[in-house]
Amino acid sequence: MTDRSRCLVDVKEIPSAELADVTGITLGVFVVGNAGLIWLGYTGIARLMELRRGTIRGQSRTMSSNGVMYHNVDEPAVQRAVSDTLIRYGGNFSSAIIVGAKGVYIYTAHGRKILDFTSGQMSCLVGHGHPEIVATITAHAAGLDHLFSGMISPPVVQLAEKLIGLLPPGLDRAAFLSTGAESNEAAIKMAKLYTGKYEIVGLGKSWHGMTSGARAATYHSGRTGYGPSMPGSHILPSPDAYRSIFRHADGSYDWETELNYGWSLIDQASNGSLAAVIIEPILSSGGMHVLPPGYLRAIKAHCEKRGMLLIVDEAQTGIGRCGSMFAIEFEGVTPDILTLSKTLGNGLPLAAVVTSKEIEDTCFNRGFLFYTTHVNDPLPAAVGLKVLEIVLRDGLVERSRVAGLRMKATLERLQTKYGCIGDIRGRGLMCGIEIVANRETKAPAIELGDALAKKMVELGLSANLSTMKTFGGVFRMAPPITITDKELEEGLEIFEEALRTTPGTLPL
């Protein structure tokens, strides 16, 4: 009976744990597995065939205790399929095939465990596969996942109440969308409708998303080849204390003169229809540049002078990442519109746009329309609510602040040992490390940055968000704020080893 030629399916390569899910005690067939002869009922047969098809494709799926979900992956075959099937949307894909993610680690098909110091796409605030997030997703996938866009559910209202309760007065109404680009698009549309004007001002190193209005306010990269952007798009010089040419007599950064000069140019270029400024408190994609103290307040004053609204994009800084619940708390500036995304959903597509009662009422009365398929969906809203609960209950805002100080101190120590580290900047668990070829000239070292990134991954650390040249030379470290001291130390030790063993790091 155990001769494989007489069996319907040979399942030697399917893990026993998965076979346990498909065995039954009804009419069926015998199959041969690693545990010997197994009897399958009709339901089990269907599930087994699904597993078998997945294994043939290199996709046998089960989450094992070591964080790996996809087993027996044929990596060369998957890489060939990547070339044959996927659209490239921002440089080349990573060469590694990721088959699992758990906590602060990701796992490759090649069997490697890598510390994730970018929290996925700067989003997994409380780590990959957090058990409470998993339970929330599971429950809502089974019982309350998606509704007609005009319907309301408890988790949406509860998330709005919780979020508004954490924000200053004047941010009193919320809507929940899918991505940061969507929330910024909605914010820009509201600003135009409320003010009756159409010109939008952004910073030179900004990144607000890929939809039309958000992309028009994104000056970091990706503007060529698509024809005209939205009319009325204006640019301010980005604050950059390390490289700006605007200096006081003592050599210190003169951001006020730089900002005022930028506004003088905008006033010259404007058609008299300035609607809003959109700004990030930390320009992460632009190189992890923190706005100088007083900058956001000055921007607010410039907006008020011109009858403009202030939109603050806290996609990456919000929900504790930068050592406070929101980055706007550092200066006590309340924007007219606040947008959130990435961290709010812990990697799930969830974003928020929050504004005042007055702005919301006015926009509603003027026919504001942002009717999307997934607006106010209950499942992601429930996840956002759970993220807030975890962050507040577990004291993760303070954890981010303290761990960030520890990380920055270690990086500053490394700066004294390696001349290629030109600048260290950031706040909380958001740190940027600018790699240069020469500290005196501050010449960028794109190739060295790329070599360091490859060495870090080889050693078990992912700390470079993108392979695009415009990101090169600046490492961004933003691990989950649940990271332990031991895990943080492990990642920083890997970074130090990469500096020690990569040619061109200019040991001092």
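Right above here is the structure, for reference.
Just so you know, these numbers come straight off a predicted model, no measurement behind them.

What counts as what
By convention here, each chain's residues receive numbers from 1 onward along its written sequence. Where local features are concerned, this predicted model is filtered to residues with pLDDT of at least 70; where side-chain atom pairs are given and counted, the filter is 80 or more; whole-chain, interface and lining totals use all residues. Hydrogens and water are ignored here; the side-chain numbers use all heavy atoms of the structure. Helix and strand definitions follow DSSP, with helices as H or I runs of at least four residues and strands as E runs of at least two, each counted in order from the N terminus. Under the scheme applied here, a residue whose accessible area is under 20% of the maximum for its type counts as buried, over 50% as exposed, and between as partly exposed, the area being computed with a 1.4 Å probe on protein chains only. Note on contacts: a residue pair qualifies if any of its non-hydrogen atoms lie within 4.5 Å across the two residues. Note that accessible areas follow from Shrake-Rupley with a 1.4 Å probe, and for residues the cover is restricted to the protein chains shown. Two strands make a pair as long as DSSP finds a minimum of two bridges between them. Axis geometry follows a simple rule: fit a line to the C-alpha atoms, using only the stretch in contact for helices, then measure angles between N-to-C directions, giving values from 0 to 180 degrees. In this analysis a 1.4 Å probe is tested at points of a 1 Å grid over the protein atoms alone, and where it fits but cannot get out there is a cavity; an open set with protein on both sides within 12 Å along at least five of seven lines is a pocket; lining residues have an atom within 4 Å of a point. Grid points are joined across faces, edges and corners, and a volume is the space filled by probe spheres set on the points. Side-chain classes follow a simple rule in which Ala, Val, Leu, Ile, Met, Phe, Trp, Tyr, Cys and Pro form the nonpolar group, Asp, Glu, Lys and Arg form the charged group, and the remainder, Gly included, forms the polar group. Pairing of aromatic rings covers Phe, Tyr and the six-membered ring of Trp, with a centre-to-centre limit of 6.5 Å; geometry is then stacked below 30 degrees between planes, edge-to-face above 60, and tilted otherwise. Two conditions define a charge located above a ring, namely a distance within 6 Å from the ring centre to NZ of Lys or CZ of Arg, and an angle within 35 degrees of the ring normal. Each nonpolar core is a collection of buried residues, namely Ala, Val, Leu, Ile, Met, Phe, Trp, Tyr and Cys, held together in the definition by side-chain atoms within 4.5 Å. Note that the term roughly parallel is reserved for angles under 35 degrees, roughly antiparallel for angles over 145, roughly perpendicular for angles of 65 to 115, and oblique for everything else.

### Observations regarding the overall build of the protein chain
Then, number 1: Of regular secondary structure, the protein chain possesses 15 helices and 21 strands.
Then, number 2: Residues classed as buried in the protein chain amount to 51% of the 508 residues present.
Then, number 3: Within the protein chain, residue pairs in contact and separated by at least 24 positions form 68% of the contacts whose partners lie at least 6 positions apart.
Then, number 4: As displayed, the protein chain offers around 22,800 Å² of accessible surface, 57% of which is attributable to carbon and sulfur atoms.

### Quick word on the sheet that holds strand β15 (residues 337–340)
Then, number 1: Sheet architecture is open: seven strands sit in the order β8-β16-β15-β14-β11-β9-β10, paired in mixed fashion. If you trace the sheet from one side to the other, it starts and ends with β8 (173–177) and β10 (233–236), each paired once. Strand after strand, the sheet turns through a mean of 20° between neighbouring axes, direction not considered.
Then, number 2: Note: β15 against strand β16 (residues 351–355), four bridges, orientation antiparallel. The partner of I337 across the bridge, within β16, is T355.
Then, number 3: Running over the sheet, helix α7 (residues 180–195) touches β8, β9 (199–203), β11 (274–279), β14 (309–313), β15 and β16 and is turned about 25° from β16.

### Things to note about the layout of surface pockets
Then, number 1: Its boundaries defined by the atoms lining it, the second largest pocket holds a volume of some 680 Å³.
Then, number 2: Around the second largest pocket, the lining comprises 27 residues; the ones closest to its centre are A174, A175, E360, V375 and N376.
Then, number 3: Here the lining of the second largest pocket is composed, by residue class, of 20 nonpolar, four polar and three charged.

### Observations concerning the packing of aromatic side chains
Then, number 1: In this structure the tally under the stated criterion is six aromatic pairs.
Then, number 2: Pairing W255 with Y295 gives two aromatic rings, centres 5.5 Å apart and planes at 55°, and the pair type is tilted. With a gap of 40 residues between them, W255 in helix α9 (residues 255–269) and Y295 in helix α10 (residues 295–306) connect regions that are remote in the sequence. The burial state of W255 is the same as that of Y295; both residues are buried.
Then, number 3: The positively charged end of K113 is found above the aromatic ring belonging to Y105, 4.2 Å away from the centroid.
Then, number 4: Positioned over the ring face of F330 is R427, at 3.8 Å from the centre of the ring.

### Here we look at the nonpolar core
Then, number 1: Counting residues in hydrophobic clusters, the biggest one holds 89 residues, and the most contacted among them are I279, I299, I319, V391, L411 and M477.
Then, number 2: At seven residues, the largest contribution of residues to this core is made by helix α12 (residues 378–393).
Then, number 3: For I279, the residues in contact, after removing those within four places along its chain, are L203, H208, L291, Y295, L296, I299, L310, I311, V312 and D313.
Then, number 4: Formed by 20 residues, the second largest nonpolar core is a distinct cluster that contains I200, A275, V353 and V375.

### Comments concerning the environment of F364
Then, number 1: Among the structural elements, F364 can be located in helix α11 (residues 357–365).
Then, number 2: Taking the C-alpha atoms as reference points, F364 and Y194, separated by 170 residues in sequence, lie 9.6 Å from one another.

### Re the packing of α7 against α11
Then, number 1: Remark: α7 packs on α11, axes separated minimally by 9 Å, with the N-to-C direction vectors making an angle of 75°. The angle between α7 and α11 places the two elements in the roughly perpendicular class. For the pair α7 and α11, the contacting residues are M190, L193 and Y194 in the first and E358, I359, E360, T362 and C363 in the second.
Then, number 2: Grouping the constituent residues of the contact of α7 with α11 by class yields five nonpolar, one polar and two charged.

### Section: empty space enclosed by the protein
Then, number 1: One pass over the structure, following the stated rule, counts one cavity of 30 Å³ or more.
Then, number 2: Estimates place the volume of the largest cavity at around 60 Å³.
Then, number 3: Together, I188, K192, Y198, I200, G213, A216, A217, M230, P231, G232 and S233 line the largest cavity.
Then, number 4: Of all the secondary structure elements, the ones that give two or more residues to the lining of the largest cavity are α7 and α8 (212–216).

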